[in-house]
Amino acid sequence: MSKGKSKGRGRDSSFTKDNQFYGLRNQGSTSYLNSVLQVLFMNEEFREAVKRHTEDNSNTTHIDRQLSELFDELKKGPAETIGITDKLGIRSVHKQSDAAEHFEKILALTSPEASKIFQGNLVHTTECLKCHNRTCEEGKFWHLPLPLEDSCTQSYSVEKGVAEFFQTCELKGENQLYCNDCSEKWDATIECEMKHHPDILTLLLKRFQFDYHYMSYTKNNCAVDVPYTLEVPQGQIYDLYAFVEHVGSLKSGHYTATVKSQDGRGARWYNFCDLSVEQLNQNLKVDNMKNFLSGSSSPYLLFYRKRKAQVLKRCKHQRPVDQQLYS
């Protein structure tokens, strides 16, 4: 805690001891874990939530204790992830694995107070087009999966992919659904609605798919266009704050994380590659970020922060809100 601060559980303002960030040691092939841990560490709300839970629950079985200890180490210098791999039951640290899978494993083991930051709710409504009976199914999600095109002749638009995710799906012909009221299969529609917008919206670009011809997983290297600002149904606005990239193949690939800091140093972006931490151009603006992630084949996980509603009295000489937020 900084000198002059009162003791207690205030905001986590003492971010790092010497005004810089540190990396995580790779235990063998654990870049998949390091990348998502840095995304979690750089989220102030999540960092504070796991700390509160650990302080309030000395005998907790959640992974919050291991995360809190790791985060404390990261404020002082390069840190080890042995406590995390042990808690996750990772036995072979030299085996390549999936960042998205372990991101979900961590959240599933985290206390509800902390994990709710990344959790949303989806409602799928199915309607029979004969009797118009509607059934609803609600479920929680950690991420929205966006399937990439099988063959990419042009860049995949993340913005378009999100819009298609929420489009009404029509099931006809061989895809008809059985209706209990009609006692037969009939044409139907399925609508998807986001009932609860998470504070952090995570998008998964489905690059890894099973090839039944070769009976193994392959990687889709389709280039993608990633928007800095994203609008989802019900008009909720999100701003990109982090992304995880994957380069190479499934057997010999590597993950890195790029995250925007929340520590009062402005909109500075940092790239985390295991022990290596690099600050990107200090003058990085929205337009630069769009170009930086335009047509890239490496983005895998995208993290968007929900924009809080702001009530501003705007005079005729005042700049638009977007320009105020990102200048």
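So, here is what we can say about the structure in this document. (Residues numbered from 1 in each chain as written. Predicted model: local features only at pLDDT ≥ 70, side-chain atom pairs only at ≥ 80, totals over all residues. Heavy atoms only, no water.)

### Some points on the pairing of strand β11 (residues 216–219)
Under the convention used in this document: Two strands pair if DSSP finds at least two bridges between them. By the criteria applied, helices consist of DSSP H or I runs no shorter than four residues and strands consist of E runs no shorter than two, each listed in order from the N terminus.
Bridge analysis of strand β10 (residues 208–211) against β11 gives four bridges, and the strand direction is antiparallel. Note that in β11 the partner of Q209 across the bridge is T218. Between the antiparallel neighbours β10 and β11 lie four residues, among them M215 with a positive phi of about 55°.

### So, the sheet that holds strand β1 (residues 120–128)
Stated formally: Orientation is described by lines fitted to C-alpha atoms, with helices fitted over the stretch in contact, and by angles between N-to-C directions that extend from 0 to 180 degrees.
A sheet is described by the order of its strands in space; here four strands give the open sequence β2-β1-β8-β5, paired in antiparallel fashion. Two strands in the sheet have a free side with no partner beyond their single neighbour: β2 (134–141) and β5 (169–171). Across the sheet, the axes of successive neighbouring strands diverge by a mean angle of 25°, strand direction being ignored. Pairing analysis gives eight bridges linking β1 to strand β8 (residues 188–196), with the strands arranged antiparallel. Following the sheet pairing, T125 is matched in β8 by E191.

### Quick notes on the packing of aromatic side chains
Note the cut-off: In this analysis, rings of Phe, Tyr and Trp, with Trp reduced to its six-membered ring, are considered paired at centre separations within 6.5 Å, and the interplanar angle assigns stacked below 30 degrees, edge-to-face beyond 60, and tilted for intermediate values. A simple rule labels every residue: compare its accessible area, found with a 1.4 Å probe on the protein chains alone, to the largest value its type can have, and call it buried under 20%, exposed over 50%, or partly exposed in between. Two conditions define a charge located above a ring, namely a distance within 6 Å from the ring centre to NZ of Lys or CZ of Arg, and an angle within 35 degrees of the ring normal.
Tallying each qualifying case throughout the model produces 13 aromatic pairs. Measuring from ring centre to ring centre gives 5.3 Å for F103 and F303, while their planes differ by 75°; the resulting arrangement is edge-to-face. With F103 in helix α5 (residues 99–109) and F303 in strand β19 (residues 299–306), this residue pair connects regions lying 200 residues apart in the sequence. Here F103 and F303 have matching classes, each one buried. Each ring, one from Y255 and one from Y300, has its centre 6.1 Å from the other, and the planes form 45°; the classification is tilted. Note that Y255 is positioned in strand β15 (residues 254–260) and Y300 in strand β19, a separation of 45 residues in sequence. By relative accessible area, Y255 is classed as buried at 3%. Residue Y300 is classed as buried on the basis of its relative accessible area, which comes to 4%. Taken together, the ring pairs in this structure connect F41, F46, F71, F103, F118, Y241 and F303 into an aromatic cluster. The aromatic ring of Y241 is capped on one face by R305, whose charged end is 4.5 Å from the ring centroid.

### Quick notes on the environment of R207
This is how it is decided: Pairs of N or O atoms within 3.5 Å make up the polar contacts considered here, provided that, within protein, one atom can donate a hydrogen while the other can accept it, and that residues adjacent in sequence are counted only when both atoms are side-chain atoms.
Along the chain, the position of R207 falls in the loop between β9 (200–206) and β10. Classification of R207 by relative accessible area gives buried; the value is 0%. Looking at R207, its side chain comes within polar contact range of the main-chain oxygen of C222, at 2.8 Å. A distance of 3.3 Å separates a polar atom in the side chain of R207 from the backbone oxygen of S297.

### A short note on the layout of surface pockets
We apply this condition: Note on definitions: the grid is 1 Å and covers protein atoms alone; a cavity is a set of points where a 1.4 Å probe fits but cannot get out; a pocket is an open set with protein on both sides within 12 Å along at least five of seven lines; lining residues have an atom within 4 Å of a point. Grid points are joined across faces, edges and corners, and a volume is the space filled by probe spheres set on the points. Note on residue categories: nonpolar means Ala, Val, Leu, Ile, Met, Phe, Trp, Tyr, Cys or Pro, charged means Asp, Glu, Lys or Arg, and polar means any other residue, Gly included.
Here the second largest pocket is characterised by a volume of approximately 400 Å³. Taken together, 15 residues make up the lining of the second largest pocket; nearest its centre are D98, E101, F208, Y217 and L250. Residue assignment for the lining of the second largest pocket shows that the elements contributing at least two residues are α5 and β9. Residues belonging to the lining of the second largest pocket are distributed by class as follows: seven nonpolar, three polar and five charged.

### What to know about the side chain of T256
With respect to the element layout, T256 can be found in strand β15. Classification of T256 as buried rests on a relative accessible area of 15%.

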